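Structure at a glance
Residue strings, one per chain:
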Amino acid sequence: MTAQQRDMIDQILRSAPFDLGGDVNVQRPLLEQMLTSQPLPADVRTTPGDLGGIPVIYIDIAGVDPRGTIFHIHGGGFALGSAAGSAGLASSLARKTGMRAVSVEYRLAPEHPYPAALEDVTAAYRALAGQPGSTGHLVVSGESAGGNLALELLLAAKAHGLTMPAAALLMSPMTDLTVTGSSYTAKATADPAITAQAIRTRAAGYLAGTDPADPQVSPVYADLTGLPPLLIQAGTHEVLLDDAALNRAARFVKDNTTQKAAA
């Protein structure tokens, strides 16, 4: 991307009416319109279904014999977004990897606070991982709040002995619901779309009184040892940059390892 293209996207995002922290009744249709304004490519096939009683959308590329499945978790601050709205991104991932994708329609906050979304995601993943031939052929992906849920899903899978995916892709994940990373201040003017206050608003609706530093809602504070390989991406202008770095999780693992060695 050229600097000119980046600046153009920056201006588009700054002038857009979408506000992540705004009234969900207003912002939900706005985000859906933004995500679905461009039709899917003609060779993308979407099929509604369910996994473990949770609604999902299967996404296939015509003429491709998939070599596995991407289990995709959409973003939207736990309160916005949909499986259908994420089909564009999920289909791009499917196309580039030669896989099929399945996007999960998990329950949204504030109507359904924690642990509703994680329960839905875990139930759907459990059903998918239990299908014959799935072992070694699953990848989990998540964006924003979906990145949080993807990490929490992996932690739940580790805790409960579920089949682990081969890898996970996390795009601008919201991993710290205490909203204390330094990039929330350092990138406040650079980020054209997301603010710390918007994240706090969405986190409060999702947490509904749960301690934001609890590793079961903020995986940045969790022990991430034993998880599959993680590809984590975020832009250098994003307020979520520190969340993506997982620095505090790395320190936890280091400190925990040191304590065990000393014992």
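Residues numbered from 1 in each chain as written. Predicted model: local features only at pLDDT ≥ 70, side-chain atom pairs only at ≥ 80, totals over all residues. Heavy atoms only, no water.

1. Some words on the layout of surface pockets
Convention followed: The pocket and cavity definitions rest on a 1 Å grid over protein atoms only: a 1.4 Å probe that fits but cannot leave marks a cavity, an open set with protein on both sides within 12 Å along at least five of seven lines marks a pocket, and residues lining either have an atom within 4 Å of a point. Grid points are joined across faces, edges and corners, and a volume is the space filled by probe spheres set on the points. Runs of E in the DSSP output that reach at least two residues are strands. Runs of H or I that reach at least four are helices, and both are numbered from the N terminus. We call Asp, Glu, Lys and Arg charged. Ala, Val, Leu, Ile, Met, Phe, Trp, Tyr, Cys and Pro are nonpolar, and the rest, Gly among them, are polar.
Of the volumes computed, that of the largest pocket is approximately 1400 Å³. Forming the boundary of the largest pocket are 37 residues, of which Leu 13, Ser 172, Ala 193, Ile 194 and Glu 238 lie nearest the centre. Those elements that place two or more of their residues in the lining of the largest pocket are α1 (3–15) and α2 (24–36). A per-element tally of the lining of the largest pocket places α1 first, with 5 residues. Here the lining of the largest pocket is built from residues that sort into 17 nonpolar, 14 polar and 6 charged. Estimated volume of the second largest pocket: approximately 230 Å³. Around the second largest pocket, the lining comprises 13 residues; the ones closest to its centre are Leu 118, Glu 152, Ala 156, His 160 and Gln 216. When residues of the lining of the second largest pocket are assigned to their parent elements, the largest contribution, 5 residues, is made by helix α5 (residues 145–160). A per-class count over the lining of the second largest pocket returns 8 nonpolar, 3 polar and 2 charged.

2. Some remarks on the sheet that holds strand β2 (residues 54–61)
To keep it simple, the criterion reads: In this analysis, strands are considered paired if DSSP registers two or more bridges between them. Every axis in this analysis is a line fitted to C-alpha atoms, fitted for helices over the stretch in contact. Angles between the N-to-C directions lie between 0 and 180 degrees. A contact between two residues is defined here by any heavy atoms of the two lying within 4.5 Å.
With mixed pairing, 7 strands are arranged side by side in an open sheet as β1-β2-β4-β3-β5-β6-β7. Of all the strands in the sheet, just β1 (44–51) and β7 (230–233) have a single pairing partner and so form its edges. Each adjacent strand pair in this sheet contributes to an overall mean axis angle of 20 degrees, direction not counted. Most of the contacts of α5 go to strand β5 (residues 138–143), to which it runs at about 140 degrees, and overall it touches β3 (69–73), β5, β6 (167–171) and β7.

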